[in-house]
Amino acid sequence: MSRIPVYFMPGLAASPIIFENIKLPEDEFEMYFLEWFVPKTKETLEEYALRMTKEIKHENPVLIGVSFGGILVQEMSKWINTRKIIIISSVKTNKEMPSRMKIAKKTLAYKLIPTSLLSNVETLVKYAFGENIISSRLKLYEKYLSVRDKKYLDWAIESVILWSRDKADENVIHIHGDADEVFPIQNIQNAIVVKGGTHIMIINKYKWLNENLPKIIYLTEKK
């Protein structure tokens, strides 16, 4: 029996290193890691997703995306057949986004974000993971946030804020922490809730994910 190909997409500006502690049984799964590339001028999220599908080398893979990566894998599924789409610490529609992102969309406030400053690791960490980051963690997170290109950051932030999907795909499996500070749990519907899981639970709740991801891949078949 052939192994199931599983492709992982990291969150905004993040490196695949965020998946370093995720381990799936090697006799059952093949793990592959996708990386962000700089978008073309005026490239839409849909067009970017199509380009990213060129990195998929298997038919009917499982796609797992974290945060903005979760949004991207949902867009990728428009272009290719998948066995399963799993999103972690993400959203299924723009209705699940927090009020501050909805306000930013209406007021165009996201255009005022000085993305050139996000090349500074400390600023980028606070933007990606929240203001309450303990300084001792900065060094730890520095290795996870590898994409600091201004063109990418401008595009990524705008793509999240302006994401147009307003109806959830019933086949998407959503895993979400009840302590997520970026996408608060009260806005999230129909998710597998991880107690104590924050927005970075791919890093600090990896034991739960390692134990449960195989079961989720096998037992929750597409409708």
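Residues numbered from 1 in each chain as written. Predicted model: local features only at pLDDT ≥ 70, side-chain atom pairs only at ≥ 80, totals over all residues. Heavy atoms only, no water.

(A) Summary view of the overall build of the protein. When you go through the protein residue by residue, the secondary structure sums to eight helices and six strands. Helices (α) and strands (β) of the protein occur, in sequence order from the N terminus, as β-β-α-β-α-β-α-α-α-α-β-β-α-α. Out of the 223 residues belonging to the protein, those deemed buried represent 50%. Across the protein, the fraction of contacts at a sequence separation of at least 24, relative to all contacts at a separation of at least 6, is 65%. (Helix = DSSP H or I, 4+ residues; strand = E, 2+ residues; numbered from the N terminus. Buried < 20%, exposed > 50% of the residue type's maximum accessible area, 1.4 Å probe, protein only. Contact = heavy atoms within 4.5 Å.)

(B) Inspection of the sheet that holds strand S6 (residues 192-194) at higher detail. With parallel pairing, the six strands of this open sheet are ordered in space as S2-S1-S3-S4-S5-S6. Because the sheet does not close on itself, it has two edges, and the strands there are strand S2 (29-33) and S6. Ignoring strand direction, the axes of neighbouring strands in this sheet form an average angle of 20 degrees. Taken together, the five bridges between strand S3 (residues 62-66) and strand S4 (residues 84-88) define a ladder with parallel strand orientation. (Pairing = 2+ DSSP bridges. Axes fitted to C-alpha atoms, helices over the stretch in contact; angles between N-to-C directions.)

(C) Region of the structure containing the side chain of Lys92. Mapped onto the fold, Lys92 is located in the loop between S4 and helix H3 (99-107). Judged by its relative accessible area of 4%, Lys92 falls in the buried class. Polar contacts involving the side chain of Lys92 include one to the side chain of His174, which spans 2.8 Å. A polar side-chain atom of Lys92 sits 2.5 Å from the main-chain carbonyl oxygen of Gln189. The contacts of Lys92, once residues within four sequence positions are left out, are Gln74, Ile87, Trp163, Arg165, Ala168, Val172, His174, Ile188, Gln189 and Asn190. (Polar contact = N/O pair within 3.5 Å; in protein donor to acceptor, adjacent residues only side chain to side chain.)

(D) Quick look at the nonpolar core. By size, the foremost hydrophobic cluster in this structure holds 63 residues, and its most contacted members are Phe68, Ile86 and Tyr152. Sorting elements by how many residues they give to this core places helix H6 (residues 150-161) first, with seven residues. The contact partners of Ile86, leaving out residues within four places of it in the chain, are Val62, Leu63, Ile64, Gly65, Val73, Ile173, Ile175, Leu213, Ile216 and Ile217. (Core = buried A, V, L, I, M, F, W, Y, C linked by side-chain atoms within 4.5 Å.)

(E) Inspection of unusual backbone geometry at higher detail. Although it is not a glycine, Lys42 sits at a positive phi angle of roughly 60 degrees. Phi angles above zero are rare outside glycine, and Ser67 is one such case at about 55 degrees. Residue position: Ser67 is located in the loop between S3 and helix H2 (68-76). For Ser67, a relative accessible area of 11% translates into the label buried.

(F) Summary view of the pattern of salt bridges. Tallied over the full model, the rule gives seven salt bridges. Between Arg3 and Glu30 there is a salt bridge, and its shortest N-O distance comes to 3.4 Å. Residue Arg3 is found in the segment before strand S1 (4-9), and its partner Glu30 is found in strand S2; the two are separated by 27 residues along the sequence. Judged by relative accessible area, which is 36%, Arg3 ranks as partly exposed. Here Lys92 and Glu96 are joined by a salt bridge, their closest N and O atoms 2.8 Å apart. Linked through salt bridges whose partners overlap, the residues forming this network are Glu46, Glu75, Lys78 and Arg165. (Salt bridge = Lys/Arg side-chain N within 4 Å of Asp/Glu carboxyl O.)

(G) Quick peek at the packing of aromatic side chains. Taken as a whole and judged by the stated rule, the model has twelve aromatic pairs. Taking 6.1 Å as the distance between ring centres and 35 degrees as the angle between the ring planes, the aromatic pair formed by Trp36 and Tyr48 counts as tilted. Remark: Tyr48 occurs in helix H1 (residues 45-53) and Trp36 occurs in the loop between S2 and H1; sequence separation between them is twelve residues. Using a relative accessible area of 8% as the deciding quantity, one classes Trp36 as buried. An aromatic cluster is defined as three or more aromatic residues linked by ring pairs; in this entry it consists of Trp36, Phe37, Tyr48, Phe68, Tyr152 and Trp155. (Phe/Tyr/Trp six-rings, centres within 6.5 Å; stacked < 30°, edge-to-face > 60°.)

(H) Broad picture of the packing of H1 against H2. It is the contact of H1 with H2, at a shortest axis distance of 8 Å, that shows an interaxial angle of 80 degrees. As judged from the angle between their axes, H1 and H2 are roughly perpendicular. Residue-level contacts link Leu45, Glu46, Tyr48, Ala49, Met52 and Thr53 of H1 to Phe68, Ile71, Leu72, Glu75 and Met76 of H2. Considered class by class, the residues forming the contact of H1 with H2 number eight nonpolar, one polar and two charged. (Parallel < 35°, antiparallel > 145°, perpendicular 65-115°, else oblique. Nonpolar A, V, L, I, M, F, W, Y, C, P; charged D, E, K, R; others polar.)

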